[in-house]
Amino acid sequence: MHASHFFTVNVCNPQVPRFTRNFTTLHNVKVIKVKSGGGGGEEMFPKLLKKDKRKSKASVRWKFSNLSKMKNNCFQRTKPFYLENLPWTIKVQRRLTGKALDFGFFVECCSCSTVDKTGGQFAKGKLRLLPQKAGQKYIEKEFKHLFNSMDNDRGFRQFLKWEEVLNPDKGYIKDDSVTVEVDLETDAPDDAPKAFFSFTVDNISTLNSIRYSSPFYAQSMPWVIKIVPKSRKTFRFYLQCNEEGEFWSCFASANLFLLSHNSEQDYFNKKVEHFFSSKENEADFGDFIDWPVVFDPDEDYIKNDSLILKIYLDVDSPNGESYNSELCITRTEYTFNFTVENVSKMKDSKLSEPVYVGQLPWMIKVAPLSGQNEKKLIEFLGVFLQCNEKGESWRCHADAELRLLSYRREQECFARKIKHLFCSKNNDWGFNRFMKWQDVLNPVKGYINNDSITLQVHIVVKDEREND
């Protein structure tokens, strides 16, 4: 006989704010204990709950439509949202078990193959079915789970009886739609930021097509060494990150070594630093070595037609964010980056992709600006925080720090702070003269690398969107 799991169901005061970055302290709570239907269980992992562990939080709201047309044991899913660089979805189910028909409600991690390498991704959260009527109580249940590829969802098969969900008198359905909300909190990945990997390349004399190493992992992300033959006995090496999804980025430095078969003390190496993203996921080690030296028998780099590569990889914490205007991601504080390429050729302003903070879409805007000179030469880099909310009757107080990051890890960023009341008529704020253009383009200053710069904004929304 299996032990029964128990869940806590909170029937809460509807006056508790619906949008919050951190979990709300609930008042006037009536606690009801119910047995799990087997679809979800609250499992405790005390070894994973470390007080000093970094956490990431998000709150997501979604409306599911056409409930009366759902087929038995079929799901409806949201589009993915990203937390700790992993894609998550919310899903609901019309679940038939015997003669019982129930409303199932779950959170799913869509890509757990990488976190399997680090023992899984621990997360906890609250699932909420929101009322459509004023004064109606919402229903909330909590979960804790270690997500992995073999067990990638958690929730409740019997969140509520199906007939109660579809009963208009209960107040949860309107126009054949229900609205749910999920608070999700995840631990940062346990994977170390550094990796050490060796790769033996066989049949080097007849290599005439691209070859990849097996994947190795740093920061829970999959990396490979890529070898591209350019001409006879000439090759080019690349470091490639094969992270899934469109919305991720991270800075990494790597040392690639070509080892001698005679002794590991004899080697050739080259270092590369790169800002990886879904659009630029590989770094080129360039002209790695003079290839006649590689094939020189006295050097012992090649033995039995094979050579040995070793890489030391150091990866910063990745950034992950999905932009989806249909998903309402609710938080009041956030930090996001924007990498601008071909800076020396910039003529017009550029905008980052939007991220949602305080229920509003925010972007980083950069612009090359001329001063008072007659020739209209570019003299300054302008940096601004812009809110691209639609409509004319909104406003929001926000504080922010605008930063220009250095590609040198030991060097601090250049930063300036702003405070502003954003509204439709005054939707951006920043500095026309954030930094002198010549300082931006000067490699000695440490801000430009491969004609690219990275801006960063830390924003704190003081109040949620207000309508005038």
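Quantities reported herein were computed from a predicted structural model and do not represent experimental measurements. (Residues numbered from 1 in each chain as written. Predicted model: local features only at pLDDT ≥ 70, side-chain atom pairs only at ≥ 80, totals over all residues. Heavy atoms only, no water.)

A. Broad picture of the overall build of the chain. Looking only at helices and strands, the chain has 3 helices and 32 strands in total. When each of the 468 residues of the chain is scored for burial, the buried share is 47%. (Helix = DSSP H or I, 4+ residues; strand = E, 2+ residues; numbered from the N terminus. Buried < 20%, exposed > 50% of the residue type's maximum accessible area, 1.4 Å probe, protein only.)

B. The arrangement of the pairing of strand S28 (residues 394–404) in detail. Burial analysis of S28 places 8 of its 11 residues in the buried class, the great majority of the element. Both S28 and strand S29 (residues 414–423) contribute to a ladder of 10 bridges, which runs antiparallel. Bridging from a neighbouring strand, His-397 pairs with Leu-421 of S29. Pairing of S28 with strand S31 (residues 453–461), which is carried by 7 bridges, proceeds in the antiparallel orientation. Bridge pairing links Leu-404 to Leu-455 in S31. (Pairing = 2+ DSSP bridges.)

C. Fine view of the packing of aromatic side chains. Applying the stated criterion across every chain yields a total of 15 aromatic pairs. Ring plane angle 70 degrees and centroid distance 6.1 Å describe the contact between Phe-75 and Phe-106, whose orientation is recorded as edge-to-face. Of this pair, Phe-75 sits in strand S4 (residues 75–77) while Phe-106 sits in strand S7 (residues 100–109), and the two are 31 residues apart along the sequence. A relative accessible area of 34% places Phe-75 in the partly exposed class. When its relative accessible area of 5% is taken as the criterion, Phe-106 is described as buried. (Phe/Tyr/Trp six-rings, centres within 6.5 Å; stacked < 30°, edge-to-face > 60°.)

D. Looking closely at the pairing of strand S17 (residues 248–259). Within S17, 11 of the 12 residues are buried, leaving the element largely enclosed by the surrounding structure. Taken together, the 8 bridges between S17 and strand S20 (residues 307–315) define a ladder with antiparallel strand orientation. Looking at S20, one finds that Leu-258 is bridged to Leu-309.

E. Geometry of the confidence of the model for the chain. Averaged over every residue, the pLDDT of the chain is 77; the share at 70 or more is 77%. Scored below 50 in pLDDT, residues 321–325 makes 17 contacts in the model with residues more than four places away or belonging to other chains. (pLDDT = per-residue confidence, 0-100. Contact = heavy atoms within 4.5 Å.)

F. Expanded view of unusual backbone geometry. Look at Asp-305: it is not a glycine, yet its phi comes out positive at around 60 degrees. Along the polypeptide, Asp-305 turns up in the loop between helix H2 (291–294) and S20.

G. Looking closely at the pattern of salt bridges. Summed over the entire model, instances satisfying the criterion amount to 13 salt bridges. We note a salt bridge from Lys-91 to Glu-108, for which the minimum N-O separation is 3.3 Å. With Lys-91 in strand S6 (residues 86–97) and Glu-108 in strand S7, the pair connects residues that are 17 residues apart, well separated along the chain. As far as burial versus exposure is concerned, Lys-91 and Glu-108 are alike and both buried. (Salt bridge = Lys/Arg side-chain N within 4 Å of Asp/Glu carboxyl O.)

H. Representation of the state of the cysteines. Summed over the entire model, instances satisfying the criterion amount to 0 disulfides. Not engaged in a disulfide, the cysteine Cys-387 finds its nearest cysteine sulfur in Cys-396; these two sulfurs lie 6.6 Å apart. Overall, the relative accessible area of 0% leaves Cys-387 in the buried class. (Disulfide = S-S within 2.5 Å.)

I. Quick peek at the nonpolar core. Membership of the largest hydrophobic core comes to 36 residues, with the highest contact counts inside it found for Trp-223, Leu-309 and Leu-313. Only strand S12 (194–201), strand S14 (216–218), strand S15 (221–231), strand S16 (234–241), S17, strand S18 (267–277), H2 and S20 provide two or more residues apiece to this core. It is S17 that provides the largest number of residues to this core, a total of 6 residues. Sequence-distant contacts of Leu-313, that is, excluding residues within four places in its chain, are made with Pro-193, Lys-194, Ala-195, Phe-216, Ala-218, Trp-223, Leu-239, Ala-252, Ser-253 and Ala-254. Grouped together as the second largest cluster of nonpolar side chains are 35 residues, Trp-362, Ala-398, Leu-402 and Phe-422 included. (Core = buried A, V, L, I, M, F, W, Y, C linked by side-chain atoms within 4.5 Å.)

J. Broad picture of the environment of Gly-171. Tracing the backbone through its elements, the reader meets Gly-171 in the loop between helix H1 (162–166) and strand S11 (178–187). On the basis of relative accessibility, which here comes to 1%, the residue Gly-171 falls in the buried class. Separated by 38 residues in the primary sequence, Gly-171 and Lys-133 have C-alpha atoms spaced 5.5 Å apart. Residues in contact with Gly-171, not counting those within four places in the same chain, are Pro-131, Gln-132 and Lys-133.

K. Focus on the side chain of Glu-181. With respect to the secondary-structure elements, Glu-181 resides in strand S11. Owing to a relative accessible area of 1%, Glu-181 belongs among the buried residues under this scheme. In terms of polar contacts, Glu-181 uses its side chain to reach the side chain of Arg-61, at 3.0 Å. Within polar-contact distance, the side chain of Glu-181 engages the side chain of Arg-128 at 2.6 Å. (Polar contact = N/O pair within 3.5 Å; in protein donor to acceptor, adjacent residues only side chain to side chain.)

L. Representation of the side chain of His-274 within the structure. You can see His-274 is positioned in strand S18. Here His-274 falls in the buried class, since its relative accessible area comes to 11%. From its side chain, His-274 meets the backbone oxygen of Glu-282 in a polar contact 3.4 Å long.

M. Spotlight on the environment of Val-357. Note that Val-357 resides in strand S25 (residues 355–357). Taking the C-alpha atoms as reference points, Val-357 and Ile-459, separated by 102 residues in sequence, lie 8.1 Å from one another. Residues within four places of Val-357 in sequence aside, it is in contact with Arg-331, Thr-332, Glu-333, Tyr-334, Trp-362, Ile-459 and Val-461.

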